[in-house]
Amino acid sequence: MALVDIQGISKKYADQYALNNLTLSLEEGEQYAILGASGSGKSTLLYLLGGLEKADAGTINVSGRDLSKLSDSALAKYRNELVGFVFQFHFLLPSMTCEKNILLPAEIGSHKMAKVRKKIHDIAEHLGVAHCLKKYPYQLSGGEQQRINITRALSLTPKLLLCDEPTGNLDSENSAKVTDLIQDLAKEFGSTLAVVTHDPGVAKKFSKKFVLKDGHLSHESFFNQNDSVPPTP
Amino acid sequence: MLKVFSSFSKALILDRSNIRFALGVWLGLSFSIAVILSTVGIMDGFITSLKSGLKLSNGDITFSSRAGFFELGPLTKKGMKELGVASFSPLIESQAFVVANESSKGIVIRGVEGQSYSQVTGQEILPERESIIVGPELAKVLSIKVGDEVVLVMAQGNRQLDGLPLLKKFKVQGLIEHGIYQKDLRFVYMDQKELSEMLGTKGKVNMVSLNIGQDANQNLTDEQREQAVEEMVYDLEDLLGIDYRIKPYWEDYRSMLEAVEIEKLTISLILQIIVIISIFNVLSFVTFLNEKQSQQIFLFQALGLSTQSLRRTWLSMVCFLWAFSCAFSLVFVWLFNWMLSELSILSLPGDVYHMGRLQLSLDLSDYMIVFGTTLFWMILIIAFALYRLNKRSILYGLRKEFS
């Protein structure tokens, strides 16, 4: 069953199309890598999926919600409750402890804090950063900061986990570990995972891939590592 | 929402330069509010001091006959009692010169019945025969003190030698302060009978001071008391008729008091500019934070904070700043009031302002009006600016800030 159904979306910046009449769907609980050269529109696609921006044309339907028709506050609620973001620059607020950073989405969405707090401790334990929760971000290594970022993204059990170059700042060893952890947790929580990456090592870990070129789905897109047949858009 | 507000503020402000900026904005706004409060307070203080000073020399109401000297008949006394006049004191008021230490000064001489006059004015003025009580400013000008001798020079009145002045020596019995410079400089009190004899008025008086009953009305506000005095003036007009001129205690300074009220309003309006300038400082602070901390702001939005909530959070922050500024402005006002009463550099030129020292007088409505107008300007300006500020898309912000 498709969690995300994208029909003919276009997004233009100035006179240039970042996405042009793109159609695709993401199945519930599946994991996808989104590949493409710089400027191919992959990050734009991710942010449109995350409700950070609205498409100029076409529709994005996520779990029965047409994002183009949501009001600003409904879209904010969607971002808070259904979507988890893992940014390349993990971007943790330096004035707060890691735990406070992780609890931020729960605070914004007025969720039950006790329940969320217990959950983030479990995730942090799983990711091996439980000892970092009371620390400030600047006291952590890059890998630990990224794991805290992942904990924050998963804190509200999102249906859709969107990662923008999550391993872009990590060495290859940490990169592989972090990718595995993201994949494991997304599977455990039943979240649909979409990862934008340049890293072939990361891409290799995904059986379903979309390749974007000039805002279109490239014919290189395939749904199986060994499958060279492009999917039907 | 409170948690989000707290986290948002913490994320934006907990930076040394931001804290310094916030402190500057806070102090600036507090000072601007304090300037308006102090201006209003000093004007109100002036009015209050002037009125209480006037009351100290006249009681609540004075009346005099248009025909000059008159006898206060039993019917009038009875009528006043029936109207609720608590106490009254007939007096003679005339003009004279006082000569001392080879200098002289034109004065208003009042012949009073010590007991009744003290009761009406609340001041202990009990002049003995061949003695006078003077104001401290007059004593200063003539360099006289209690126990010194002075000469009073006045007209002979309707006596045979009315072409020649009447001169008589008096001893300075005491000093009496009215709280009004002009009265402290010009008023001299003496025994009424003695003055009547000197002027040959044969027991007649030319003025009556009366009190509407301070004890019974002590719980009234100043405004209610003034209203009660005005009502009594109307009642006395009915009782005494058109031959008498009846004046409430503020009447002689009515135009000045009205001018001060208008001045207060005008200055308060002009001083709104200071507040508006301070609010523009707040606006620049908001703009500065919005630019400098845009990463944090976009992150909050990406994590689910709606534009509406973001504006609400900004406005809450600004309202907090307003509330703290209002609170701190009270410290500035207190400081100004202290300086006004303690520092000689801030004493007023009494001959211009009628009073040497002033105290700020502020009531709840003054605070509400000043704080309320500040909040109004603040919300108006900041809300408009916020509407313009948050038009950038989150994606634009993320791309710009995270690249």
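Residues numbered from 1 in each chain as written. Chains lettered and ligands numbered in written order. Predicted model: local features only at pLDDT ≥ 70, side-chain atom pairs only at ≥ 80, totals over all residues.

Caption draft 1: Layout of the overall build of chain B. Looking only at helices and strands, chain B has 14 helices and nine strands in total. With 403 residues in all, chain B has 36% of them scored as buried. (Helix = DSSP H or I, 4+ residues; strand = E, 2+ residues; numbered from the N terminus. Buried ≥ 20, exposed ≤ 12 C-beta atoms within 10 Å, placed from the backbone.)

Caption draft 2: Representation of helix H4 (residues 113-127) of chain A. Residue and element names in this part refer to chain A. In a regular helix each residue adds 1.5 Å, so 15 residues correspond to 21 Å; H4 covers 20 Å between its end C-alpha atoms and thus fits that length. Along H4, the residues classified as buried are Ile120, Ile123, Ala124 and Leu127. Buried residues of H4, viewed axially, fall in a sector of 100°; they line one side. Facing away from the buried side of H4 by over 90 degrees, the exposed positions are Ala114, Lys115, Lys118 and Asp122. Turning to H4, the residues buried within the fold contact helix H3 (98-108), helix H5 (142-154) and helix H6 (172-189). Remark: Gly128 follows H4 within two positions and exhibits a positive phi of approximately 75°. (Expected span 1.5 Å × (residues − 1). Arc of directions from axis to C-beta. Contact = placed C-beta atoms within 7 Å.)

Caption draft 3: Structural detail: the pairing of strand S2 (residues 87-100) of chain B. All names here are of chain B. Where S2 lies against strand S8 (residues 207-211), five bridges are found, and the strand directions are antiparallel. Its bridge partner lying in S8, Phe88 is registered against Leu210. Pairing of S2 with strand S3 (residues 103-112), which is carried by ten bridges, proceeds in the antiparallel orientation. Across the sheet, the residue bridging to Gln95 is Val108, located in S3. Adjacent in sequence and paired antiparallel, S2 and S3 are bridged by two residues, among which Asn101 carries a positive phi angle near 50°. Here three bridges tie S2 to strand S5 (residues 149-154), and the two strands are oriented antiparallel to one another. Within the sheet, the bridge partner assigned to Val98 lies in S5 and is Leu152. (Pairing = 2+ DSSP bridges.)

Caption draft 4: How the structure looks around the sheet that holds strand S5 (residues 65-66) of chain A. All names here are of chain A. Strand order in this open sheet of four strands is S2-S1-S4-S5, and the pairing throughout is antiparallel. The open sheet has two edge strands, strand S2 (16-27) and S5, and neither has a second partner. When strand S1 (residues 2-13) meets S2, the two strands line up antiparallel, connected through eight bridges. From the neighbouring strand, Ala2 faces S2, where its bridge partner is Glu27.

Caption draft 5: Structural detail: the interface of chain B and chain A. At the junction of the two partners, chain B supplies 22 residues and chain A supplies 21 residues. If you list the elements that add at least two residues to the side of chain B that touches chain A, you get helix H1 (2-13), helix H10 (294-302), helix H11 (307-342) and helix H14 (394-402) of chain B. Grouping the constituent residues of the side of chain B that touches chain A by class yields twelve nonpolar, eight polar and two charged. (Nonpolar A, V, L, I, M, F, W, Y, C, P; charged D, E, K, R; others polar.)

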